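Residues per chain, in single letters:
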Amino acid sequence: MQVLSEQELERRKDREELMKLGINPYPAEAFPINVTAEDIHRNYENRKTDYKDIMIAGRLMSRRIMGSASFGEIQDATGRLQFYIRRDDICPSEDPTLYNTVFKKLLGIGDFLGLKGYIFTTQTGEISLHVTEMKVLSKSVKPLPIVKRDEEGNVHDGFTDPEMRYRQRYVDLTVNPEVKDTFVTRSKIISQMRRYFDDHGWLEVETPILQAVHGGAAARPFETHHNTLDMPLFLRIANELYLKRLIVGGFDGVYEFGKMFRNEGMDRTHNPEFTSMEIYVAYKDYIWMMEMVEELIEQVCEKIHGKTEIQVGDKKIEFAGPYRRLTMYDSIKEYAGIDVSQLDETGLRAVCKQLAIEVDDTMGRGKLIDEIFGAKVEANLIQPTYITDYPIEMTPLAKKHRTEPGLVERFELFVNGKEIANAYTELNDPIDQRERFEEQLKLAARGDDEAMAMDDDFLRALEYGMPPTSGLGIGIDRLTMLLTNKTTIQEVLFFPQMRPEKKAVEMTEEEKIIFELLKVDSPADLADLKSKAGLSGKKWDVAMKGLTGKGVAIVTKEADSITVALAD
């Protein structure tokens, strides 16, 4: 049962009163907006004659009632606008109800209004709307948090609790308008990337989210079941194998922005549902891809910030290329002081033990190297750095290195200690690819739930022939974190995954009695409780019924003390 606060009950009464007055608090007809708050603030001083008959809509965010006239603020998607409203202007007849009753008494902060009027400048120089007509567009029956800002712009009583903000993003966006800037920037990042790819003639495509075989990355998938086909399906962990099929099919360049799903842990940089961009271009290799990524990110930074050096936390990061290039083995040697290039699995386990890195028996050579790299190298890679030439065991979908046995042609781009992009010279030898998949099956048999599955249809596609190709994946969420100077992935997702919301449980009457008894400080305070519970004497038995789950509570009053004993 929904428990309503006093304010919520009052707002529901106001809703009913509006209806009694013949005002529909949720009208169906459109309200013809012809201007925004941002447009007014930007252009009014230079085009005053254009703002004599305007219509604007948004939330009522504040008001100062002063008798027969009032000031208020309305907030639309672009910002806030002060308005001035008079009883005689919106109530031209003898009936003052619209102002005296509706505006002053039945409307509240958060209600949506449609306003018509003209723009003027107040004596204090503030651009404002003089209202001539007002229409109720939507009645809010739950009050918004009141965020106060002083003249210097400092926020007081802010809606700042992270869990509340992420769980109720709709409130966060309303009372913390600056949060919108992050998501506008995110949209611009994607738009600029898309424009860059389109200008090069590469085709945006869509590939399946539900897949019969999970592949394209080392990750644990979410599994579901298709009733009609009576078969298991997986939410994709990557779209790589389908995009490569399209290169086989004759496209020279394809890319996709899409949601990926990995049934793994959650932290400041991981969410089980995330956005990735993957692109594959025929007749290219990973060296070409490094140069392309530098040009792409530099252009995105210029578009968003007007420069390539930006502030990220307490660091300044330069996104103009070229970026430093460091092999995987050399990076471990530089930052951990250990040469792992010639070590087998046993030797790597000894290194992990020496470095106090936790590993388990399911991890093969590739994962052990990855654990060492993650523990000792990643945090040091602040300026954009390409880590290149990975051990073959770590990357079953990349082509063997052209000059270095045991390695593959792969790079990852790290910035501020986090991976932002991953790219290969793609493996297009179907025999080699099948052998790599078979090695993955062996790891799966050892208990590695992130090992790749055998994808026979993908292998069949490779057997028809795939041209030399380079592929790239960029994590959109992490790139957005960098370019908006945010420290957690939840700040750049509208609706991050959250634990179920805890609901308040209503106590039974017996539980309420015990709860009150435990708060009693003196014998005199017991009189009302005794009467309510029908209790007498110095000793009472009251059923706990779920409060403790341990049966009967014996609440005993002795002199000036109260004790509670639980009977099994």
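Residues numbered from 1 in each chain as written. Predicted model: local features only at pLDDT ≥ 70, side-chain atom pairs only at ≥ 80, totals over all residues. Heavy atoms only, no water.

1. Observations regarding the sheet that holds strand 5 (residues 127-138)
Selection rule: The criterion for strand pairing is that DSSP finds at least two bridges linking the strands in question. A run of DSSP states H or I qualifies as a helix once it reaches four residues; a run of E qualifies as a strand once it reaches two. Both are numbered from the N-terminal end. Helix axes are fitted only over the stretch in contact, all axes being lines through C-alpha atoms; the angle between N-to-C directions runs from 0 to 180 degrees.
Strands sit in the order 1-2-3-5-4 around a closed barrel of 5 strands; the barrel is mixed. Mean inter-strand twist for the sheet, computed between neighbouring axes without regard to direction, equals 50°. In the sheet, strand 1 (residues 54-66) pairs with strand 2 (residues 69-76) via 7 bridges, with the strands oriented antiparallel. Within strand 2, the position partnered with Leu 60 by the bridge is Ile 74.

2. So, the confidence of the model for the protein chain
Inclusion rule: One number per residue, pLDDT, summarises how confident the predictor is, and it ranges from 0 to 100. Whether two residues touch is decided by their heavy atoms; if any such pair falls within 4.5 Å, the residues are in contact.
Looking at the protein chain, the pLDDT average stands at 89 and 86% of residues meet or exceed 70. Every residue in residues 535-554 scores below 50 in pLDDT, and together they form 53 contacts with partners more than four places removed in sequence or on other chains.

3. Regarding the packing of aromatic side chains
For clarity, the cut-off: Working definition: rings of Phe, Tyr and Trp (its six-membered ring) pair if their centres are within 6.5 Å, and the pair is stacked with planes under 30 degrees apart, edge-to-face with planes over 60 apart, and tilted otherwise. Only protein chains enter the accessibility calculation, which uses a 1.4 Å probe; a residue whose area is less than 20% of its type maximum is buried, one above 50% is exposed, and one in between is partly exposed. Sitting over a ring, as applied to charges here, requires NZ of Lys or CZ of Arg to be within 6 Å of the ring centre and within 35 degrees of the ring normal.
Under the criterion given, the structure shown has 16 aromatic pairs. Ring plane angle 15° and centroid distance 5.7 Å describe the contact between Tyr 99 and Phe 103, whose orientation is recorded as stacked. One end of the pair is Tyr 99 and the other is Phe 103, both in helix 4 (residues 97-106) and 4 residues apart, which spans about a single turn. With a relative accessible area of 0%, Tyr 99 lands in the buried category. Geometrically, the ring pair formed by Phe 494 and Phe 495 is tilted, given 6.1 Å between the ring centres and 40° between the ring planes. We classify Phe 495 as exposed; its relative accessible area is 61%. Put simply, the rings of Tyr 196, Phe 197, Trp 202, Tyr 255, Phe 257 and Trp 288 touch in pairs and so form one group of aromatic residues. The side chain of Arg 63 reaches across the aromatic face of Phe 103, ending 5.7 Å from its centre. Taking NZ or CZ as reference, Arg 245 lies 4.4 Å from the ring centre of Tyr 242, over its face.

4. Details of the packing of helix 13 (residues 430-445) against helix 14 (residues 456-464)
Basically, it comes down to this: Throughout, the term roughly parallel applies to angles under 35 degrees, roughly antiparallel to angles over 145, roughly perpendicular to angles from 65 to 115, and oblique to all others. Each crossing is labelled by how the near helix is turned from the far one, with a counterclockwise turn of less than a right angle marking it left-handed and a clockwise turn marking it right-handed.
In contact at an axis separation of 9 Å, helix 13 and helix 14 are set at 160° when each is read in the N-to-C sense. Taken together, the axes of helix 13 and helix 14 lie roughly antiparallel to each other. Helix 13 and helix 14 meet at a crossing whose hand is right-handed. Along the contact surface, helix 13 presents Pro 430, Gln 433, Arg 434 and Phe 437, while helix 14 presents Asp 456, Phe 458, Leu 459, Leu 462 and Glu 463.

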